[in-house]
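# Architecture at a glance
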Amino acid sequence: MIEKIRLAGIDVYLTRFTPEESASGQIAAQKSAVTRLLSEIAGAGHSLCHRNDGSPYIEGFNREISISHCKGYAAVGVGGSHRIGVDIETPRATLQRVTRKFLSEQEQTRFKGDDLLLTAWTMKEALYKAIGIPGIDFANGVILPSEGSCHTEIGDTTYRLESATIGNARITTATPVTDDLIP
């Protein structure tokens, strides 16, 4: 079953892996679930391509997409003409061990505990995809919104983030705030 939700002005299509997909192994399941989502979005004859920076696009589809998957889930975000980011993730113990690699010192004081770390991780990943700057410092260059805000400024661009919980997964979207996109 494919669900559709809207976060930060982005249409997000998401699905859980089918039992057959899950039985085929994680990588095969991810590929199959993403193919199902893309067929729903762009039709069965779609052609998934990647730019030099690795970001995905659908040939002949005039909207930006972002793809994410994790254990048991796949998600595809569909935006407008501006680059977007989507990340979906389920809880995992490794986030505690790598906190210093993805959160600044200030962010480490704000995002403590498994649930907040999961949110911080998905926000960082979604922002990273929306920013599109290869090699940017993940901990200090990808800046999370201040407490109580859903906006952050990176370079000359303001981004809007929104998160939701689907089953045991956290999903976050990031989109630039532009004159033609009023979030």
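Scroll up to find the structure this text is about.
In what follows, the accompanying structure is described. Computed from a prediction, not measured in an experiment: that's the story for all the values here.

Moving on, we get to the overall build of the protein chain. Tallying secondary structure elements over the protein chain gives six helices and 10 strands in all. Taking 183 residues into account, the globule formula puts the C-alpha radius of gyration at 16 Å, and the protein chain, at 16 Å, falls close to it. In terms of overall dimensions, the protein chain has C-alpha extents of about 45 × 40 × 30 Å along its principal axes. Taking all 183 residues of the protein chain together, the buried fraction comes to 47%. Roughly 9,400 Å² of accessible area belongs to the protein chain as shown, and the carbon and sulfur atoms make up 49% of that amount. Each charge class in the protein chain can be summarised by its mean position, and for the 19 positive and 22 negative side chains these summaries are 5 Å apart.

For the rest of this paragraph, the subject is the pairing of strand 7 (residues 85-89). The element strand 7 is largely enclosed, with a buried count of five among its five residues. Here strand 7 shows no split at all, with Gly85, Asp87 and Glu89 on one side and Val86 and Ile88 on the other all buried. Taken together, the five bridges between strand 7 and strand 10 (residues 169-176) define a ladder with antiparallel strand orientation. Bridge pairing links Ile88 to Ile171 in strand 10.

Think of a pair of aromatic rings as described by two things: how far the centres are apart, and how the planes are tilted against each other in angle. Applying the stated criterion across every chain, the model contains three aromatic pairs. Ring geometry for Trp121 against Phe138: centres 5.8 Å apart, planes inclined by 65 degrees, an arrangement best described as edge-to-face. One end of the pair, Trp121, is in helix 6 (residues 114-131); the other, Phe138, is in the loop between helix 6 and strand 8 (151-154), with 17 residues separating them in the sequence. The pair Trp121 / Phe138 is uniform in exposure class, with both members buried. Residue classification places Phe138 among the buried residues on the basis of a relative accessible area of 16%. A connected cluster of aromatic rings, assembled from ring pairs, spans Phe102, Trp121, Tyr128 and Phe138. Here the guanidinium or amino end of Arg92 rests over the ring plane of Trp121, the centre of that ring lying 5.1 Å away.

How each quantity is defined
Residues numbered from 1 in each chain as written. Predicted model: local features only at pLDDT ≥ 70, side-chain atom pairs only at ≥ 80, totals over all residues. Heavy atoms only, no water. Helix = DSSP H or I, 4+ residues; strand = E, 2+ residues; numbered from the N terminus. Rg over C-alpha atoms; globule rule 2.2 N^0.38 Å. Buried < 20%, exposed > 50% of the residue type's maximum accessible area, 1.4 Å probe, protein only. Areas by Shrake-Rupley, 256 points an atom, 1.4 Å probe, with all protein chains shown as cover. Lys, Arg positive; Asp, Glu negative; His and termini not counted. Charge placed at Lys NZ, Arg CZ, Asp CG, Glu CD. Pairing = 2+ DSSP bridges. Phe/Tyr/Trp six-rings, centres within 6.5 Å; stacked < 30°, edge-to-face > 60°. Lys NZ or Arg CZ within 6 Å of the ring centre and 35° of its normal.

Take it as geometry only, folks, not as evidence of what the structure does.
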